[in-house]
Amino acid sequence: TSKAIILIGGPSKGTRFRPLSLDIPKLLFPVAGKPMIYHHIEACSKVPSMKEILLIGFFKEEQLKDFIQQTSKQLNVPIRYINEEKVLGTAGGLYHFRDIILSSDNPESIFVLHSDVCCSFPLEELQQFHQKYKRHCTIMGTQVAKEYANQYGCLVRDENTAELLHFAEKPETFVSSLINCGVYCFSPSFFDVMGKTMVDLRASNVNINSDYPEITRNRNLETLRLEQDIFVPLAGTGTISVFPYQGFWRQIKNAGSSVYCQELYLNHYAKTKPEILKKGDNIIGNVIIDPSAEVDPTAIIGPDVYIGPNVKVGKGVRIIHSIVLDSTIIKDHACVIYSILGWSSEVGLWTRVEGIPNYTPFLYSQEKRKGITIFGSGAQANGEIIVRNCIVMPHKQLDRSYSNEIIL
Ligand code: GDD
Ligand code: GTP
């Protein structure tokens, strides 16, 4: 049997999702019409022997309760939230709750997924690969452009044996363009390996001659990091394999990146479950429209658009590469491109709301921001204005055109 753990972190990490995360925890933000981690849970639920999915993090349980209940029912898989009383790090929670993870059902495979990544989650392939190479842990790796590789965990892999030879977390200089996807498959034995590595870590913390200065320097040992504390020392010891994943992959770090991730998921779902996509003469490419939304037949929608429940879209509207959340109103002849319109926001007659696409990951810089235009919930743009490359805080009303601004 199998179990899955999704590392969901906590609210302190959601700052880059402002203004949208003010209304909803980042991991529930809709991407391709579903909460971000629904895609993870759905993939886990398809693994035939999946017994349970555990979400480990430090959110308030009430914020997740409804989502967990609904999703568990819908996908017919038990889902449980486990709260970290204090921040334990990417491996700390796993290790701390190992008895819960291993208790009942005797899982042979344990999948661990970061919540803030988007990919096709080929978990069965990963599991087969893991079983074939018989090591304690398998990391899913993917190739990224050389210039971005050092923003991630970089992997050096033995091409013949698939062994992880070297791991460097966000290295300063180029190490490898094969990077850590944040998707893993463990055997239960990996917890023993982690325990032993932790003991070594504690011992090496007082030893100035450590082989891994980056581990021991300024380390508070309350947290345990899967990357620096476990993978780095275990690389090259025959413990870890790397599964080379070929499909799409992208991080979801800020609100704008959900537009690009939505595009990737919609492409994927066009192949794997085309029935969820809207068809029609006024639809271009991959589009999801909630059945309760009212879209005028003269509006042209797509590609890569999600329109949420109770949204109203007027005559002659054009929407491209955007996310339109519940109960938003887009009035006649407005145009929305590369934008996210938060809950209950409004776009006036003939108004144009537009972002500047930036498909390269990692341009978080706030000065000279170039990216998706975002309306916080309840924000309103009056008629006949242009809002270009802006972030609009919730409930703000815009009565003139703006460009390249964060509107507070
Ligand atoms: N439960 C829990 N507790 N979860 C955590 C904690 C923690 O203390 N810290 C982080 N997480 C979760 C986050 O919510 C996220 O899903 C995941 O762990 C990774 O979080 P980050 O700490 O933000 O790391 P990163 O995304 O910059 O880098 C990691 O992911 C990359 C892939 O996206 C590293 O593992 C890289 O090596 C990797 O390439
Ligand atoms: P085309 O070459 O005509 O496709 O235009 P473009 O590539 O310069 O257009 P852009 O990417 O800005 O917009 C794509 C489509 O959105 C266009 O085909 C237009 O039909 C539509 N569009 C663009 N701006 C507006 C607008 O302000 N209002 C409305 N209603 N539609 C618009």
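Here we summarise the structure given alongside this text. Computed from a predicted structure; not experimentally measured. (Residues numbered from 1 in each chain as written. Chains lettered and ligands numbered in written order. Predicted model: local features only at pLDDT ≥ 70, side-chain atom pairs only at ≥ 80, totals over all residues.)

### Some points on the overall build of the chain
To keep things clear, this is the line we draw: Numbering of helices and strands starts at the N terminus; helices are DSSP runs of H or I of at least 4 residues and strands are runs of E of at least 2. As defined in this context, the radius of gyration uses C-alpha atoms, and a globule is described by 2.2 Å times the residue total to the power 0.38. Any residue surrounded by 20 or more other C-beta atoms within 10 Å of its C-beta is treated as buried, while 12 or fewer makes it exposed and the intermediate range makes it partly exposed; C-beta atoms here are placed from the backbone. The contact criterion used is a C-beta to C-beta distance within 7 Å, with each C-beta placed from the backbone.
When you go through the chain residue by residue, the secondary structure sums to nine helices and 32 strands. The C-alpha atoms of the chain give a radius of gyration of 22 Å, which matches the 22 Å a tight globule of 408 residues would have. Each of the three principal axes of the chain carries a C-alpha extent, and together these read 65 × 45 × 40 Å. Counting only residues that meet the buried cut, the chain has 46% of its 408 residues in that class. Pairs at least 24 residues apart make up 55% of the contacts formed inside the chain by residues separated by at least 6 positions.

### Remarks on the site of ligand 1
The condition that has to hold: What makes a residue near a molecule or strand is its C-beta atom, placed from the backbone, lying within 6 Å of it. Classification convention: Asp, Glu, Lys, Arg as charged; Ala, Val, Leu, Ile, Met, Phe, Trp, Tyr, Cys, Pro as nonpolar; all other residues, Gly among them, as polar.
Every one of the 24 residues lining ligand 1 counts as a neighbour, but Gly9, His114, Tyr152, Gly153 and Gly182 are closest to it. For the shell around ligand 1, the secondary structure elements donating two or more residues are strand S1 (2-9), strand S4 (50-57) and strand S11 (178-186). Its residues placed into classes, the shell around ligand 1 shows eight nonpolar, eleven polar and five charged.

### What to know about the site of ligand 2
Around ligand 2, a shell composed of Gly316, Arg318, Ile320, His333, Cys335 and Arg352 is seen. For the shell around ligand 2, the per-class residue count stands at two nonpolar, two polar and two charged.

### Quick word on the sheet that holds strand S25 (residues 352-354)
Put simply, the rule reads: Note on pairing: DSSP must find at least two bridges between two strands before they are called paired.
Read across the sheet, six strands follow the order S16-S19-S22-S25-S28-S31 without closing on themselves; strand pairing throughout is parallel. Taken across any chain shown, the strands that pair with only one partner, and hence form the sheet edges, are strand S16 (300-301) and strand S31 (402-403).

### Regarding unusual backbone geometry
Leave glycine aside and you will find that most residues have negative phi; peptide bonds, for their part, are mostly trans. Residue Gly302 is joined to Pro303 through a cis peptide bond whose omega torsion reads 0 degrees. Along the chain, Pro303 falls in the loop between S16 and strand S17 (305-307). Of note in the backbone geometry, Ala32 takes a positive phi value of approximately 55 degrees without being a glycine. Mapped onto the fold, Ala32 is located in the loop between strand S2 (30-31) and strand S3 (34-35). With a phi angle near 55 degrees, Glu384 is a residue other than glycine that sits in the positive phi range. Along the chain, the position of Glu384 falls in the loop between strand S27 (380-381) and strand S28 (386-388). By the C-beta count within 10 Å, which is 14 here, Glu384 ends up partly exposed.

### Re the environment of Asp304
Position of Asp304 relative to the elements: it lies in the loop between S16 and S17. Between the alpha carbons of Asp304 and Asn267 there is a distance of 8.5 Å; along the sequence they are 37 residues apart.

### Focus on the sheet that holds strand S30 (residues 397-398)
What the six strands build is an open sheet, ordered S15-S18-S21-S24-S27-S30; its pairing is parallel. Both edges of this open sheet fall to strand S15 (294-295) and S30, since each of them pairs with a single strand only. As paired strands, S15 and strand S18 (residues 312-313) are joined by two bridges and run parallel to one another. Note that in S18 the partner of Glu294 across the bridge is Lys312.

### Observations regarding the pairing of S11
Of all nine residues making up S11, nine are buried, and the element is well covered by its neighbours. With four bridges connecting them, strand S6 (residues 109-114) and S11 associate as antiparallel partners. Within S11, the position partnered with Phe111 by the bridge is Cys185. By the bridge criterion, six bridges tie strand S8 (residues 137-143) to S11 in an arrangement that is antiparallel. Residue pairing for S11: Thr138 is matched across the bridge by Cys185.

### Details of helix H8 (residues 226-234)
Of all nine residues that make up H8, seven are buried, and the element is covered over most of its length. Burial in H8 covers these residues: Leu226, Gln228, Asp229, Ile230, Phe231, Val232 and Leu234.

### With respect to the pairing of S4
Going by this rule: Convention used here: a crossover is right-handed provided that the path from the first strand, over the helix, to the second strand proceeds clockwise when the strands point away from the viewer.
Counting buried positions over the eight residues of S4 gives seven, a clear majority of the element. Relative to S4, S1 runs parallel, the two sharing seven bridges. When the bridges of S4 are listed, Ile6 appears paired with Leu55. One ladder, built from five bridges, connects S4 with strand S5 (residues 79-83); its direction is parallel. By the bridge assignment, Leu55 is partnered in S5 with Tyr81. Remark: the S4/helix H2 (residues 61-75)/S5 crossover connection has right-handed handedness.

### A closer look at the environment of Glu159
Within the secondary structure, Glu159 sits in the loop between strand S9 (153-157) and strand S10 (164-169). Separated by 29 residues in sequence, Glu159 and Pro188 have C-alpha atoms that sit 26 Å apart.

### Quick look at the environment of Lys396
With respect to the helices and strands, Lys396 occurs in the loop between strand S29 (391-392) and S30. Distance from Lys396 to Lys253, taken between C-alpha atoms, is 24 Å for residues 143 residues apart in sequence. Contact partners of Lys396, with chain neighbours within four places excluded, come to Ala379 and Ile407.

Geometric values such as these leave the question of function open.
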